[in-house]
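# Structural features, examined
The chain contents come next:
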There are 2 protein chains.
Amino acid sequence: MNNEKIPYKIYLTENEMPKAWYNLRADMSKKPAPLLNPGTHRPMTASELSGVFCEELVAQELDNDTPYFEIPEEIRDFYKMYRPAPLIRAYCLEKKLSTPAKIYYKFEGNNTSGSHKLNSAIAQAYYAKKQGLNGVTTETGAGQWGTALSMACSYLSLDCKVYMVKCSYEQKPFRREVMRTYGASVTPSPSMETEVGRKILAEHPGTTGSLGCAISEAVETAVSSDGYRYVLGSVLNQVLLHQSIIGLETKTALDKYGIKPDIIIGCAGGGSNLGGLIAPFMGEKLRGEADYRIIAVEPASCPSFTRGVYAYDFCDTGMVCPLARMYTLGSDFIPSANHSGGLRYHGMSSTLSELYHQGLMEAVSVKQTEVFEAAEYFAKVEGILPAPESSHAIRVAIDEAVRCTETGEEKTIVFGLTGTGYFDMMAYEKFHDGKMDDYVPTDEELALYRSRLPKVE
Amino acid sequence: MNNEKIPYKIYLTENEMPKAWYNLRADMSKKPAPLLNPGTHRPMTASELSGVFCEELVAQELDNDTPYFEIPEEIRDFYKMYRPAPLIRAYCLEKKLSTPAKIYYKFEGNNTSGSHKLNSAIAQAYYAKKQGLNGVTTETGAGQWGTALSMACSYLSLDCKVYMVKCSYEQKPFRREVMRTYGASVTPSPSMETEVGRKILAEHPGTTGSLGCAISEAVETAVSSDGYRYVLGSVLNQVLLHQSIIGLETKTALDKYGIKPDIIIGCAGGGSNLGGLIAPFMGEKLRGEADYRIIAVEPASCPSFTRGVYAYDFCDTGMVCPLARMYTLGSDFIPSANHSGGLRYHGMSSTLSELYHQGLMEAVSVKQTEVFEAAEYFAKVEGILPAPESSHAIRVAIDEAVRCTETGEEKTIVFGLTGTGYFDMMAYEKFHDGKMDDYVPTDEELALYRSRLPKVE
């Protein structure tokens, strides 16, 4: 333990940076449920999955036992370009809230993709390159993942085809332009390029697209193109594995100064950031070495943990992907068009779903105007304009800190600040102009989507 | 000297961070020419200037002798929120260029204002607050300075009125929205709010504005409002003083690893970044302790150093500001509407002008398509999407590194990466679409503007 005053920002040295990813599943006594073949309902085999994903990624996806995977040196070199991410003590926020709580945030936004997504993008691109592939396909919603992947592919000279949810493609031309700078091809989804896209357009001519639909198009393109595989920026076990770098760095930084968090908070869409941030802490919890309150924060307009069911469901709208057992709202659920806060996936990582199901973590949902209030407050006090996604975690971190002000408890709160909001100013504008509503799905709506879940024994 | 391998990124510890700004003028045997009263042509006195600027800033502006100014603790606390800025070894760029040169860049873009401008914004806001003022006024072009100032004012609860050059106001709604997030009022310039704005609009009804014109409006508003002063993000001596933090951090980081640069490169608009970056190095040069090649890079479309004259000129279009002796193109010079690269001020810091005049630094001008080529190349290789302004320095750093490849010289190059290009994607789009031209002003045009320079004995 280091006894000097804790700096505003803790940066690890290169020597202190993690050299292996941590696989949380290895410490789970009850493992997450396996992916199922959508036709046979039998567990997907490595050979079935390797038509869609690179071989080494399939191995990572299916491995529930190996606790650590060495990070290849090439990936660690790339990480050095934008990592370590700082762990920041929110002194200004604490002071403004007059809270006895100590607040830390792990800031993943200091890179051009603007978020933590780059951690897995480079890993997935690396294994595709290593396998001698020509390129990869993917989908992107708000655009962070697509941007991250195009950066990684450009670095490795790999082709990159991105299907971007049509409404984002139109509303976020600048993210599209960043991807173009990195040489990616970006297609608005649904498109006429794929069978599934044409089918969806025929059935819903005016649709502005959804993540589930863009996934279907990207998968179809990958399996029907020579030397291509599909990559995904969240939900999957392999993604949580790569994102464990967030939690490992955080824990190393905290341990260096002898700090033990009481509460760990992360926003949750598909679970990539949350799963990465909490990984080593949850590991300790699973091994009975320590205890932490772990809180997932999701939008009230897309509440898979708090109002979904734990069941097998399709990962995509076109039903071409394997089935995953997860907290889900139903694969054709799409949040209200007025929803600006990201985190709009209908399901949730099966690993996190299983942990939540076992009562090892909590979940809360927050309304978007409350999220943007927290975002603006944070921007003014801490000087970083946060992404709407990240602001879900900020909201709950502030709420917990205020609770400490009331009770006088000196809790240590750590939250994940996944990214910056520089490409989300239209949402901020809507908020400033009072044009943002707090629509949440009704019980009837949710029941309807739930009734369409696949029947799995 | 530290013998371990030089890390990718050198971050100073809090203890190593500079506690005083360095005033380059103190080491100049021939001082920069004084500001003149535009009516009498006599040197501006402190009392004349204090109607426009805060008192302590006036003192800093006029002080050619004090070498160091202590940085107040409140400002150092604010600096800790986003500083130290990393000094990054461009290993990937070096490798890609197969150059024996060692390239370092000081990256000032890791903050929400997206550039180095915040370093002076917080200082100027702090002194305004300390003087008990209600608020400050300013102008902004591309918006970095306005954003930085609104962040600083929000932090100190100071009112902030920004006049934003009309074409930027319309083309960069997101920057405007960031300023709004920080509570600033933003008015497109020229406006009907000021006498000078109304006059300019009457004479040029269709004008999309200029920096010089927005300065005039901001100054008029400051002097005619109770408890307001005007602040400026570049050009002035006080700004160079505050920006010396860039160079001081850079030098401390280099000294820590025993690195001595051969070439120091910075982009130059009004001179704030360049003046700050080179300050301690130029100081050594002036004192005869070391020698460096120092290169200012400016756009070919606004070439004040390379094609301007060294003369007294107005700092603004409305001619309400003092006269400054500087390299200038004439106060009503406006670069071509097709110019996307920032750095569009007609003049140049008088301190830098005097140093250039004495032959202590070089200047080169670069065309904007060459600048964007360098920007895109750098984004791909180093993973940071640079601001167009910063990319001027990248262009010349690459050119110098390529020269080393040819000659085999192992030079050490340091350049200033002033900011990120996240709010400049329209310019990148223009570049990708092949819609960017390389118009440069003709000799006849420049002669016309030059003929309108004020006559000063």
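Everything below is about the structure printed above this text.
Attention in this report is confined to the structure presented alongside it. (Residues numbered from 1 in each chain as written. Chains lettered and ligands numbered in written order. Predicted model: local features only at pLDDT ≥ 70, side-chain atom pairs only at ≥ 80, totals over all residues. Heavy atoms only, no water.)

## Quick look at the relation of the copies chain A and chain B
Mapping chain A onto chain B calls for a rotation angle of 180° and an axial translation of 0.0 Å; the resulting RMSD is 0.0 Å. Such a combination of turn and shift is consistent with a two-fold rotation axis. Taking the C-alpha atom as reference, chain A places A:N110 closest to the rotation axis, 3.1 Å from it. Mapped onto chain B, 100% of the interface residues of chain A again fall at the interface, so both copies present the same surface. (Least-squares fit on C-alpha atoms with pLDDT ≥ 70 in both. Contact = heavy atoms within 4.5 Å.)

## Focus: the interface of chain A and chain B
Contacts between chain A and chain B engage 41 residues on the former and 41 residues on the latter. Connecting chain A to chain B are three salt bridges. The partner of B:R176 in a salt bridge is A:E429, and the shortest N-O contact between them spans 4.0 Å. Of all the secondary structure elements, the ones that give two or more residues to the side of chain A that touches chain B are helix 3 (73–82), helix 6 (144–156), helix 8 (173–181), helix 15 (368–382) and helix 17 (425–432) of chain A. Among the elements that take part in the side of chain A that touches chain B, helix 8 of chain A stands out by supplying six residues, more than any other. (Salt bridge = Lys/Arg side-chain N within 4 Å of Asp/Glu carboxyl O. Helix = DSSP H or I, 4+ residues; strand = E, 2+ residues; numbered from the N terminus.)

## What about the packing of aromatic side chains?
The final tally for this structure, using the stated rule, is 41 aromatic pairs over all chains. Judged by centre distance (5.4 Å) and plane angle (85°), the rings of A:F333 and A:Y449 are edge-to-face. Taken as a pair, A:F333 in the loop between strand 13 (323–328) and helix 14 (350–357) and A:Y449 in helix 18 (residues 443–451) lie far apart in primary sequence, 116 residues in all. For A:F333, a relative accessible area of 5% gives the class buried. Between B:F78 and B:Y82, the ring centres sit 5.9 Å apart and the planes meet at 70°, which makes this aromatic pair edge-to-face. Here B:F78 pairs with B:Y82, and both are found in helix 3 (residues 73–82), just four residues apart, close to one helical turn. Summarising the burial analysis for this pair, B:F78 and B:Y82 share the class buried. Members of the aromatic cluster, each reached through a chain of ring pairs, are A:F78, A:Y79, A:Y82 and A:Y155. Between A:R325 and the ring centre of A:Y310, over which it is positioned, the NZ or CZ distance is 4.0 Å. (Phe/Tyr/Trp six-rings, centres within 6.5 Å; stacked < 30°, edge-to-face > 60°. Buried < 20%, exposed > 50% of the residue type's maximum accessible area, 1.4 Å probe, protein only. Lys NZ or Arg CZ within 6 Å of the ring centre and 35° of its normal.)

## A word on the pattern of salt bridges
Under the defined criterion, the tally for this structure stands at 55 salt bridges over all chains. Where B:R403 meets B:E400, a salt bridge forms, and the shortest distance between an N and an O atom there is 2.9 Å. With a gap of three residues between them, B:R403 and B:E400 both fall in helix 16 (residues 388–407), about one helical turn apart. A relative accessible area of 43% means that B:R403 is categorised as partly exposed. One continuous salt-bridge network, built from bridges that share partners, spans A:R83, A:K106, A:E108 and A:E249.

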